[in-house]
Amino acid sequence: MTQYQKVSIPAQGQKITVDQNGQLLVPSNPIIAFIEGDGTGPDIWRASKRVLDAAVLKAYGGQRKISWMEIYAGEKALSVYGENEWLPSETLTAIKEFIVAIKGPLTTPVGGGIRSINVALRQELDLYACVRPVRWFEGVPAPVKEPGKLDVIIFRENTEDVYAGIEWAAETPEAIEVINFLKTKTKKAALRTDSAIGIKPVSAFGSKRLIARAIKFAIEQNKPSVTLVHKGNIMKFTEGAFRTWGYEVAKSLFPDQIVTEEELYSQYQGQMPAGKVLIKDRIADAMFQQVLLRPDEYSVLATMNLNGDYISDACAAQVGGLGLAPGANIGDFAAVFEATHGTAPKYANLDKINPGSVILSGVMMLEHLGWNEAAQSITRALSMTISQKQVTYDLARQMEGSTEIACSSFADRIIDNI
Ligand code: NAP
């Protein structure tokens, strides 16, 4: 085992490992790393941890238990490791060694330093799939008439596309050099000499591994379809290739488990054969209409980085906002589960904020471990707590007849309902 300077490895508990086939091997007392987060992070983490532990205890009666191990990032890492240590290398080593981690929100340092701790974590650990389930909880106010019709899981590619961070400001020597090179290849009028330049890398490798993960998930979880979302009609060689590679990977890796939309009509008269997953694709702008107008026709969505960023927030808004939107960043080995919202610093230490997003990220984590009984009991209990109208301020201010309760009391009510 690696020697750590500041991380205390719990005396009780074993490491989660991954076998040769990439299968997670989870002991009954796994060590799981957590980063409590900045701002409201400590309030939220305290509440979430209690809910996760209570659900595991109830589901397995002491046969299974998580041993939590604190690791550091963000402002707390500065106090533990010293100046500029926003993301200590020990933290990355610990996630690589212990494989599963959960985190609260982290402050993005402004000016200098690294761009974003979250982006750095994803890149350093090659957490290539950002997974965001979006569903409605009964009673949560939403801007659409039938929010319950939306129930999707978005698999967003996390490492490429215009988010790769390859860009140059207008009129810098680098931008001018690239423009001059491009002028030798194309006479496009939009290539003006005072342009800023950003690069959009989209690889077969990056696209295929993300789409394969989305399809595998759909098969394992008995989901009806996977939709490839792209803007390939305009960006043919990047977004169009994402679509092409998607169908390729579906047919080559899962030949007996999938049916494409084209095959559905040419071979099956539009009747979906039992036990198979439908693979379809939609142009990104049409997809934004589809999730509003025909949400129940969609289940798993596989998207590139930018499209996925937009569509996951749009879907979350449709069912009542970010307070209950969980997420996970998953690679072939490590996985980091996280809230999708930020640190909401004005509410720090007021025991006020909604811990729902981290709690639901914990539900995803339990599902990842295969501890589905505990996961399901939390989702049920959270749902029940909301329907009892015992909610934190953000929901209370929109829900008629509700009682506003503190962050910790919301956790208590969920625990009562488990
Ligand atoms: P934010 O922290 O998400 O907060 C914006 C507003 O969203 C809050 O003022 C609050 O709205 C609402 N909100 C957020 N979380 C909530 C929760 N759990 N329960 C109820 N309401 C919630 O966004 P920000 O103010 O733009 O960012 C603050 C810091 O967080 C920045 O340093 C940013 O870089 C960082 N950040 C981190 C992550 C991450 O770690 N994954 C993600 C995004 C941002 P009301 O004021 O209306 O109550």
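Residues numbered from 1 in each chain as written. Predicted model: local features only at pLDDT ≥ 70, side-chain atom pairs only at ≥ 80, totals over all residues. Heavy atoms only, no water.

### Quick word on the overall build of the chain
Per the secondary structure count, the chain includes 14 helices and 17 strands. Here the chain has a C-alpha radius of gyration of 22 Å; the compact-globule value for 418 residues is 22 Å, and the two agree. Along the three orthogonal principal directions, the C-alpha set of the chain runs to about 65 × 60 × 50 Å. Residues counted as buried form 50% of the 418 residues belonging to the chain. Sequence-distant contacts in the chain: of pairs separated by 6 or more residues, those separated by 24 or more amount to 71%. (Helix = DSSP H or I, 4+ residues; strand = E, 2+ residues; numbered from the N terminus. Rg over C-alpha atoms; globule rule 2.2 N^0.38 Å. Buried < 20%, exposed > 50% of the residue type's maximum accessible area, 1.4 Å probe, protein only. Contact = heavy atoms within 4.5 Å.)

### Here we look at the site of the ligand
Taken together, 21 residues lie near the ligand, and Thr108, Gly342, Ala344, Tyr347 and Tyr393 sit nearest. A distance of 2.8 Å is found between an oxygen atom of the ligand and a side-chain nitrogen or oxygen belonging to threonine 108. Burial of the ligand by the protein chains amounts to 66% of its free accessible area of 870 Å². Elements supplying a minimum of two residues to the shell around the ligand: strand 15 (335-339) and helix 13 (393-396). Considered class by class, the residues forming the shell around the ligand number 8 nonpolar, 8 polar and 5 charged. (Near = heavy atom within 4 Å. Polar contact = N/O pair within 3.5 Å; in protein donor to acceptor, adjacent residues only side chain to side chain. Areas by Shrake-Rupley, 256 points an atom, 1.4 Å probe, with all protein chains shown as cover. Nonpolar A, V, L, I, M, F, W, Y, C, P; charged D, E, K, R; others polar.)

### So, the packing of aromatic side chains
The full count for this structure, using the stated rule, is 7 aromatic pairs. Here phenylalanine 155 and phenylalanine 217 contribute two aromatic rings whose centre-to-centre distance is 5.3 Å and whose plane-to-plane angle is 55 degrees, an arrangement assigned as tilted. Residue phenylalanine 155 is found in strand 7 (residues 151-157), and its partner phenylalanine 217 is found in helix 6 (residues 204-220); the two are separated by 62 residues along the sequence. In textbook terms, an aromatic cluster arises when at least three aromatic residues are bridged by ring pairs, as seen for Phe34, Trp45 and Trp68. Seen from the ring of tyrosine 298, lysine 280 lies directly overhead, with NZ or CZ sitting 4.4 Å from the centre. (Phe/Tyr/Trp six-rings, centres within 6.5 Å; stacked < 30°, edge-to-face > 60°. Lys NZ or Arg CZ within 6 Å of the ring centre and 35° of its normal.)

### Some points on helix 7 (residues 239-253)
In an α-helix, one turn spans 3.6 residues, which is why side chains three or four residues apart end up on the same side. Spanning 15 residues, helix 7 covers 21 Å between terminal C-alpha atoms, matching the ideal 21 Å at 1.5 Å per step. Those residues of helix 7 lying buried are Glu239, Gly240, Ala241, Phe242, Trp245, Gly246, Tyr247, Val249 and Ala250. Lining the buried residues of helix 7 we find helix 6, strand 10 (225-230), strand 11 (258-260), strand 12 (277-283), strand 13 (300-303) and helix 10 (305-318). (Expected span 1.5 Å × (residues − 1).)

### A short note on the domain arrangement of the chain
In terms of domain boundaries, the chain breaks down into domain 1 (1-128 + 322-418), domain 2 (142-161 + 202-319) and domain 3 (167-200). Listed by partner, the interface residues are 10 residues for domain 1 and 9 residues for domain 2. When residues of domain 1 are sorted by the area they lose upon contact with domain 2, Arg122, Tyr128 and Leu322 head the list and together hold 62% of the total. Where domain 1 packs against domain 2, one counts 2 salt bridges. The salt bridge involving arginine 209 is made with aspartate 126; its shortest N-O contact spans 2.8 Å. For the pair domain 1 and domain 2, the number of links is 6 residue pairs in polar contact (both at pLDDT 80 or more). Here the side of domain 1 that touches domain 2 is built from residues that sort into 5 nonpolar, 2 polar and 3 charged. (Domains from an automatic or database assignment. Buried area = accessible area lost by both parts, 1.4 Å probe. Salt bridge = Lys/Arg side-chain N within 4 Å of Asp/Glu carboxyl O.)

### Things to note about the sheet that holds strand 3 (residues 31-35)
The mixed open sheet is built from 11 strands, whose spatial order is 4-3-5-15-14-6-7-13-10-12-11. The open sheet terminates on both sides in strands that have one partner only, identified here as strand 4 (67-70) and strand 11. In this sheet, neighbouring strand axes are inclined to one another by 25 degrees on average, regardless of whether the strands run parallel or antiparallel. Examined bridge by bridge, strand 10 and strand 12 share 6 bridges and lie parallel to one another. Looking at the pairing, valine 229 lines up with arginine 282 of strand 12. (Pairing = 2+ DSSP bridges. Axes fitted to C-alpha atoms, helices over the stretch in contact; angles between N-to-C directions.)

### Side note on the packing of helix 1 (residues 41-60) against helix 12 (residues 372-387)
Between helix 1 and helix 12, whose axes approach to 8 Å, the crossing angle comes to 125 degrees. Considered as vectors, helix 1 and helix 12 are oriented oblique to each other. Considering only the axes of helix 1 and helix 12, their crossing is right-handed. Across the interface between the two elements, Val51, Leu52, Ala55, Val56, Ala59 and Tyr60 from helix 1 touch Asn372, Glu373, Ala374, Ser377 and Ile378 from helix 12. Taken together, the residues that form the contact of helix 1 with helix 12 break down as 8 nonpolar, 2 polar and 1 charged. (Parallel < 35°, antiparallel > 145°, perpendicular 65-115°, else oblique. Left-handed = near helix turned anticlockwise from the far one by under 90°.)

### Some thoughts on the pairing of strand 10
Within strand 10, 6 of the 6 residues are buried, leaving the element largely enclosed by the surrounding structure. Every second residue of strand 10 is oriented toward a common face, with Ser225, Thr227 and Val229 on one face and Val226, Leu228 and His230 on the other, all of them buried.

### Considering the pattern of salt bridges
Under the definition given, this model contains 23 salt bridges. The salt bridge involving lysine 49 is made with aspartate 53; its shortest N-O contact spans 3.3 Å. Linking lysine 49 with aspartate 53, this pair stays in helix 1, spanning 4 residues, or about one helical turn. Under the relative-accessibility criterion, aspartate 53 is labelled partly exposed at 26%. One salt bridge connects glutamate 404 with lysine 352, and the closest N-O pair in it is separated by 3.5 Å. Taken together, the positions of glutamate 404 in strand 17 (residues 403-404) and lysine 352 in the loop between strand 15 and helix 11 (356-369) put the pair 52 residues apart, joining distant regions of the chain. Classification of glutamate 404 as partly exposed rests on a relative accessible area of 47%. On the basis of relative accessibility, which here comes to 24%, the residue lysine 352 falls in the partly exposed class. Each of the salt bridges in this network shares a partner with another, and the network as a whole consists of Glu36, Glu70 and Lys76.

### So, the side chain of threonine 392
Looking at where threonine 392 falls in the secondary structure, it is placed in the loop between strand 16 (390-391) and helix 13. Within the structure, threonine 392 has its side chain in polar contact with the side chain of aspartate 394 (distance 2.7 Å). With residues near it in sequence (within four places) discarded, threonine 392 still touches Lys352, Ile353, Asn354, Pro355, Glu404, Ile405, Ala406, Cys407 and Phe410.

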